[in-house]
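One letter stands for each residue in the lines below.
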Amino acid sequence: MGKIKISGSSTMQFEPDYCEFRITVHLNSGTSGDTLSKGRYRTEEVLRALQEKTGIDITSVVLDGERLEQSYRQEEGYNYRKTFSLRYQADNHITEAVTSLLENMADIEYSYDFGLSDKAAKEATVMAAAINDAKAKAENIAASLNSKIVGYEEIKYEFTESNDDNEILYCRAVVASADSLASKLKNPKIEISKNVNIVWITE
């Protein structure tokens, strides 16, 4: 009986199935009351435009945070920030519709990222491939020594916790009949890599 310690790895790419779009209303004014009033008014304008122009259900929009604070320089007044986000099926027609709406609005910042709603399952698939890679390598070594793999003694890998959110909030967007070229772009693939070290038992 012998042992073979060897590593395995796998990297796979997956198509994202949702997009998370974050919008921040960010403005500055002289007094705290005036800044808060202007910030909340602007927020209502943005949400109303999203609902009326893109058909987004506002009840699916998540409030991420609101902050009012005095500027670093006291004479510059107060800063207001309110951030909210929405998730929808990965579709650049929707993304372009939302960004086109926001480009004509002042005091707005935005960003978006693509994700996988079933990331844990995808990671399990990649990990299985990494284990198979390690086993194939070990079997080749064992065969060259006129031995065979009969089991394993130890597996070491880095565990990453995934917080899957199966409730993807879909929304529709009103897109102009003449689609923009940007709306035809492909979404970036999401790459998942896994590494594992295994001590195999041979005989």
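Conventions used here
- Residues numbered from 1 in each chain as written.
- Predicted model: local features only at pLDDT ≥ 70, side-chain atom pairs only at ≥ 80, totals over all residues.
- Heavy atoms only, no water.
- Helix = DSSP H or I, 4+ residues; strand = E, 2+ residues; numbered from the N terminus.
- Rg over C-alpha atoms; globule rule 2.2 N^0.38 Å.
- Buried < 20%, exposed > 50% of the residue type's maximum accessible area, 1.4 Å probe, protein only.
- Contact = heavy atoms within 4.5 Å.
- Areas by Shrake-Rupley, 256 points an atom, 1.4 Å probe, with all protein chains shown as cover.
- Lys, Arg positive; Asp, Glu negative; His and termini not counted.
- Charge placed at Lys NZ, Arg CZ, Asp CG, Glu CD.
- Expected span 1.5 Å × (residues − 1).
- Pairing = 2+ DSSP bridges.
- Phe/Tyr/Trp six-rings, centres within 6.5 Å; stacked < 30°, edge-to-face > 60°.
- Axes fitted to C-alpha atoms, helices over the stretch in contact; angles between N-to-C directions.

## Things to note about the overall build of the chain
Phase 1: Regarding its fold elements, the chain presents 3 helices and 7 strands.
Phase 2: Beginning at the N terminus, the succession of helices and strands in the chain can be written as β-β-α-β-β-α-β-α-β-β.
Phase 3: Computed over C-alpha atoms, the radius of gyration of the chain comes to 25 Å, more than 25% over the 17 Å expected from 2.2 N^0.38 for 203 residues, which places it beyond the range of a compact globule.
Phase 4: Principal-axis analysis of the C-alpha atoms places the extent of the chain at approximately 80 × 50 × 25 Å.
Phase 5: Out of the 203 residues belonging to the chain, those deemed buried represent 36%.
Phase 6: The long-range share in the chain, meaning contacts at least 24 apart out of those at least 6 apart in sequence, stands at 84%.
Phase 7: For the chain, the accessible area works out to roughly 12400 Å², and carbon and sulfur atoms hold 46% of it.
Phase 8: Here the chain contributes 24 positive and 33 negative side-chain charges, whose respective centroids are spaced 3 Å apart.

## Some thoughts on helix 3 (residues 119-144)
The periodicity of an α-helix, 3.6 residues per turn, causes residues three or four positions apart to be oriented the same way.
Phase 1: Under the 1.5 Å per step criterion, the end-to-end length of helix 3 is 38 Å for 26 residues, consistent within 8% with the ideal 38 Å.
Phase 2: Regarding helix 3, the residues found buried are Lys122, Glu123, Val126, Met127, Ala130, Ala134, Ala138 and Ala142.
Phase 3: Positioned one or two residues after helix 3, Asn146 has a phi angle of 55°, which is positive.

## Regarding the pairing of strand 2 (residues 18-29)
Phase 1: The pairing of strand 2 with strand 4 (residues 78-89) spans 12 bridges and is classified as antiparallel. Directly across from Phe21, in strand 4, lies its bridge partner Leu86.
Phase 2: Inspection of the sheet shows strand 2 paired to strand 5 (residues 108-115) by 8 bridges, in the antiparallel sense. Looking at the pairing, Glu20 lines up with Asp113 of strand 5.

## Let's talk about the packing of aromatic side chains
Phase 1: Under the criterion given, the structure shown has 4 aromatic pairs.
Phase 2: Taken together, a centroid distance of 5.3 Å and an interplanar angle of 20° make the contact between Phe21 and Tyr110 stacked. Taken as a pair, Phe21 in strand 2 and Tyr110 in strand 5 lie far apart in primary sequence, 89 residues in all.
Phase 3: Relative accessible area serves as the criterion here: at 0%, Phe21 is assigned to the buried category.
Phase 4: Residues Phe21 and Tyr112 carry aromatic rings whose centres are separated by 5.5 Å and whose planes lie at 20° to one another, so their mutual orientation is stacked. Highlighted residues: Phe21 in strand 2 and Tyr112 in strand 5, separated in sequence by 91 residues.

## Examining the sheet that holds strand 7 (residues 190-202)
Adjacent strands of a sheet form backbone hydrogen bonds with each other and so pair up, either parallel or antiparallel.
Phase 1: Strands sit in the order 1-7-6 across an open sheet of 3 strands; the sheet is antiparallel. The open sheet terminates on both sides in strands that have one partner only, identified here as strand 1 (2-14) and strand 6 (149-157). Averaged over all pairs of adjacent strands, the angle between their axes in this sheet comes to 30°, without regard to strand direction.
Phase 2: Strand direction decides the pairing type here: strand 1 and strand 7, joined by 13 bridges, are antiparallel. From the neighbouring strand, Gln13 faces strand 7, where its bridge partner is Glu191.
Phase 3: This element, helix 3, spans strand 1, strand 6 and strand 7 of the sheet and lies at about 140° to strand 1.

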